[in-house]
Amino acid sequence: LLSSAHIPLSGRNPMLQEALGIRPHILVLNKMDLADPCQQPVSAGAGLTGGPRVAAGRAAVTALLRVSLQIVPLVAKLVGDSPRYHRAESTEYSILVIGVPNVGKSSLINSLRRLHLKKGKATAVGGEPGITKAVLTRIQVCEKPLMYLVDTPGVLPPKLGDVETGMKLALCGAIRDHLVGEDIMADYLLYTLNKRQQFGYVQRYGLAKACDDIEPVLRRVALAQGRTQKVKVLTGTGNVNVTMLNYPAAAYEFLRDFRAGRLGRVTLD
């Protein structure tokens, strides 16, 4: 079960947790480099009383490889210690990788394969949800023990508990931007950064001080990134092309900076 460390609670589908039941499973917290380091110990143990083991990972390649070293022996031990799933006649392991969209399931599989088999990537990855569209065939990631992983599409619950959970998922890329609206997401992001006293955006965009109005922030983003558009204006003497700031593009850049960690390390839950 894979989840993002900056949404350790909102980023976990309760229906998937219920389906796991007593089956041996591991919770991997990915993208630790984007989470607030002061809240990581809380995130790592959230909701795991007496249940699955935890391996905390992050998006950086070297750190993800370190986490990959923990997963294979941990899986072998969990399955071996579980009488229900111990099969003496079968020595191979088949593992399902599940989680909400865009948390790094395919990246984790490719990392395990690269580490243990010295092979290239076997499944496509991307920075937006929906890259993996179907349950794929088994992908070998280790020789000793013989272990296969199955990549799956991200699954969200059919109904989110509240609007704020949906906004957190959207900010982290689990929901496509256009379904929510980049301008709405940017406004909520600014509110969240101010609420958590994360003012990295002030220095990055050259603002005089923190503010709670998204319009001046997006104006500074548009000016800094050169996000402009030409608009035709009807006048008495004919059409005139006027260059204006492109606020939707600026909102998208604001979101991209947050997702890349350029506005500071923030845990949304």
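Residues numbered from 1 in each chain as written. Predicted model: local features only at pLDDT ≥ 70, side-chain atom pairs only at ≥ 80, totals over all residues. Heavy atoms only, no water.

Caption draft 1: Representation of the pairing of strand 2 (residues 26-30) within the structure. Burial within strand 2 is extensive, with five of its five residues counted as buried. Neither face of strand 2 is left uncovered, since the one carrying Ile26, Val28 and Asn30 and the one carrying Leu27 and Leu29 both have all their residues buried. As paired elements, strand 1 (residues 2-4) and strand 2 share three bridges and run parallel to each other. Bridge pairing links serine 3 to leucine 29 in strand 2. (Buried < 20%, exposed > 50% of the residue type's maximum accessible area, 1.4 Å probe, protein only. Helix = DSSP H or I, 4+ residues; strand = E, 2+ residues; numbered from the N terminus. Pairing = 2+ DSSP bridges.)

Caption draft 2: Up close: the nonpolar core. Of all hydrophobic cores here, the largest spans 32 residues; its most connected members are Leu171, Tyr201, Tyr205, Val217 and Phe254. Looking at this core, the elements that each hand over two or more residues are helix 5 (163-171), helix 7 (182-195), helix 8 (200-204), helix 9 (214-225) and helix 10 (247-259). Among the elements that line this core, the one with the most residues is helix 7, at six residues. Not counting residues up to four positions away in its chain, the partners in contact with tyrosine 201 are Leu190, Leu193, Asn194, Leu207, Ala210, Cys211, Val217, Phe254 and Leu263. By size, the runner-up hydrophobic cluster in this structure holds 22 residues, among which are Leu2, Val97, Val103 and Leu108. (Core = buried A, V, L, I, M, F, W, Y, C linked by side-chain atoms within 4.5 Å. Contact = heavy atoms within 4.5 Å.)

Caption draft 3: View of the packing of helix 7 against helix 10. The contact between helix 7 and helix 10 brings their axes to 9 Å, and the two run at 45°. One finds that helix 7 runs oblique with respect to helix 10. Regarding helix 7 and helix 10, the two cross each other, and that crossing is left-handed. Contacts between helix 7 and helix 10 pair Glu182, Asp183, Met185, Ala186, Leu189, Leu190 and Leu193 from the former with Pro248, Ala251, Tyr252, Phe254, Leu255, Phe258 and Arg259 from the latter. (Axes fitted to C-alpha atoms, helices over the stretch in contact; angles between N-to-C directions. Parallel < 35°, antiparallel > 145°, perpendicular 65-115°, else oblique. Left-handed = near helix turned anticlockwise from the far one by under 90°.)

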